[in-house]
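Take a look at the letters that make up each chain.
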Amino acid sequence: MSQNTNVKRFVSTGRSKGTSSQSAYGVLIIGAGFSGIGVAIQLEKAGLGDYMILEAGEGVGGAWHFNTYPGVAVDIPSFSYSFSFEKNPNWSRVFAKGNELKSYAEHCVKKYKIESKIALNTSVVGCDFDEANDLWCVRTGYGKEFKARFLVGATGVLNQPKKPEIKGVDDFAGITMHTARWDHSVDIKGKRVGIIGTGASALQVIPEIAPLTKQLTVFQRTPIWVLPKPDAKIPGKIRKLLSKYPLIQAPLRLVSQSAVEVGFVLTAHYHKQFKIAKYYEKLALAHLEKQVEDYDIRQKLTPKYGFGCKRPSASNNYLPTFNRSNVKLVVDPIDYIDEKSVHTQDRAKHDFDILICATGFKVFENGNMPPFPVKGVSGLDLEKWWDNNRYQAYEGVSIPGFPNFFMVLGPNGFNGASYFQLIEMQARHIVRCLKSANNKSARRVEIKPGANKRFFVEMKSRSKNQVFFSNNCGVANSYYFDKHGDVPFRPSTSLEAHWRSFTFPLSDYEFSGFDEFPQRSEAI
């Protein structure tokens, strides 16, 4: 694969002193979801074109490539679900379907001409920092090793499906599948189907499959707060108008972004100041009472924790599904599963043909943060470092002891707003570091421990204002909480995060290993 050598000297690193004959990239990006795509586009815009994206899947889009279950869609308005520099006028609905997000990812890759720099079907199994040469060595599942001066982890957090921790789950002899890896060859028509979980994906898939099944049994551990969904088709005339006059999209995006900012960011991180959660609770309870006929079922579907403790959602068709005669809600805990049945602790036995796990993803857990071993200075293991020091990263991007390594939406990087605006902010942070290293001819860039500690202490000091620690969240079973009892979100407004991506002191980083770099002479 040929590479563009008409880029700044720094990112055409070539072979460094003491390395093998294999050429090294300037930057390796792991993941071709929107995080990886967003970083790549910003690198291109900055003239830092010597990079490669490694993607485990056979297509781009990340979560929107792998998640194809019935009903999959965005859960914030589509107008917020695009890059600010590449707004999409063609969403078919206010809340777009998943296949449209997949198409949008492919559009961005094609428009910004980064297809040739993406290696599909290339799973990463480990990353090691070569201290002698200030290079990252990245091992892949098929045995090839890539080298790069800089490494960007853009694997996202919702990519490792989580199997339910239930005795005998692997003993079920019927068909078992996870919503995140939906098998479209499975015919559920007229079948007895059990679904474990009532989170965001279950909320979307249950109304879609319920009319097709003979019997659908929903196993609920923790109910979800459900708000009315202001969804609607966007007429073709409106889409044509948005395409013809792109400036019209700006106010739509502003309204959408503002709704998300109030709906989660202010509600969650400024709970004590604004008390917005109580309003949403009243709205959700009224929605529940209006949509579910049976009092007992309504009680079972009523959360016992405060709004915002775990991911809320919006739907107009999830709750009415429980009015159907072929849908059963089970709230007794599952005891075990055998070849034919799910057994609950009330000694009831539920027989199925198909078992669906809507049990979400590994998030702040070993095996996902990161999804492969990352070893920094002196073999320091990132997963173990977080085990010992709590989840933390400077501005959600950098970790001391891991030079030349950047993350997108790492710990304390995500504040609950649109992923796209946060991706842009963190890509800007990364590009600022790379351009500074380029100007200094520095081979190594590492966040200073003192700067990292300062940021971590600041973020933790704000937790007293968050909904997570003041609204009966202990019974929420929320993946927001990590093993340390922290919620590693960024407790700040999007405006603050945006401003800091422009203004964080570059002096918080140590730039070293000043050297001249030979140009990479051969193609890879």
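Residues numbered from 1 in each chain as written. Predicted model: local features only at pLDDT ≥ 70, side-chain atom pairs only at ≥ 80, totals over all residues. Heavy atoms only, no water.

A. Seen up close, the nonpolar core. Ile29, Phe406 and Tyr509 are the most contacted members of the largest nonpolar core, which has 127 residues in total. Top element by residues in this core is helix α11 (residues 419-440). It accounts for 10 residues. Non-local contacts of phenylalanine 406, meaning those with residues more than four positions away in its chain, are made with Phe150, Leu151, Val152, Gly153, Val397, Ser398, Ile430, Cys433, Leu434, Val445 and Tyr509. Among the nonpolar cores identified, the runner-up in size contains 14 residues, and Ala277, Tyr280, Phe307 and Cys473 belong to it. (Core = buried A, V, L, I, M, F, W, Y, C linked by side-chain atoms within 4.5 Å. Buried < 20%, exposed > 50% of the residue type's maximum accessible area, 1.4 Å probe, protein only. Helix = DSSP H or I, 4+ residues; strand = E, 2+ residues; numbered from the N terminus. Contact = heavy atoms within 4.5 Å.)

B. Molecular detail of the state of the cysteines. Counted by the stated rule, this structure contains one disulfide. A disulfide bridge connects cysteine 309 with cysteine 473, and the sulfur atoms are separated by 1.9 Å. Because the sign of the S-S torsion sets the handedness, a value of about -75° for the bond joining cysteine 309 and cysteine 473 places this disulfide among the left-handed ones. Of this pair, cysteine 309 sits in the loop between α9 (295-300) and β11 (313-314) while cysteine 473 sits in the loop between α12 (449-461) and α13 (494-503); the two residues are 164 residues apart in sequence, bridging distant segments of the chain. Exposure remark for cysteine 309: the relative accessible area of 0% places this residue in the buried category. A residue is classified by how much of its surface remains accessible, and cysteine 473, at 7% relative accessible area, is buried. (Disulfide = S-S within 2.5 Å.)

C. Spotlight on the side chain of serine 341. Within the secondary structure, serine 341 sits in strand β14 (residues 341-344). Residue classification places serine 341 among the buried positions, given a relative accessible area of 1%. At a separation of 2.3 Å, a polar atom in the side chain of serine 341 contacts the side chain of aspartate 351. (Polar contact = N/O pair within 3.5 Å; in protein donor to acceptor, adjacent residues only side chain to side chain.)

D. Spatial organisation of the packing of α11 against α13. Look at α11 against α13: their axes get within 8 Å of each other, and the N-to-C directions meet at 15°. On the basis of the axis angle, α11 is roughly parallel to α13. Read as a crossing pair, α11 and α13 show a hand that is left-handed. Contacts from Gln421, Met425, Arg428, His429 and Arg432 of α11 reach α13 at Ser494, Ala497, His498, Arg500, Ser501, Phe502 and Thr503. (Axes fitted to C-alpha atoms, helices over the stretch in contact; angles between N-to-C directions. Parallel < 35°, antiparallel > 145°, perpendicular 65-115°, else oblique. Left-handed = near helix turned anticlockwise from the far one by under 90°.)

E. Layout of the sheet that holds strand β15 (residues 349-351). Judged by pairing direction, the sheet is antiparallel, and its three strands sit side by side in the order β13-β14-β15 without closing on themselves. What marks the edges here is a single partner per strand, and that holds for β13 (334-337) and β15. Between one strand axis and the next, the sheet turns by 25° as a mean value, whatever way the strands run. Sheet topology places β13 next to β14; three bridges connect them, and they run antiparallel. Along β14, the bridge assignment pairs isoleucine 337 with valine 342. (Pairing = 2+ DSSP bridges.)

Just distances and angles here, no functional claims.
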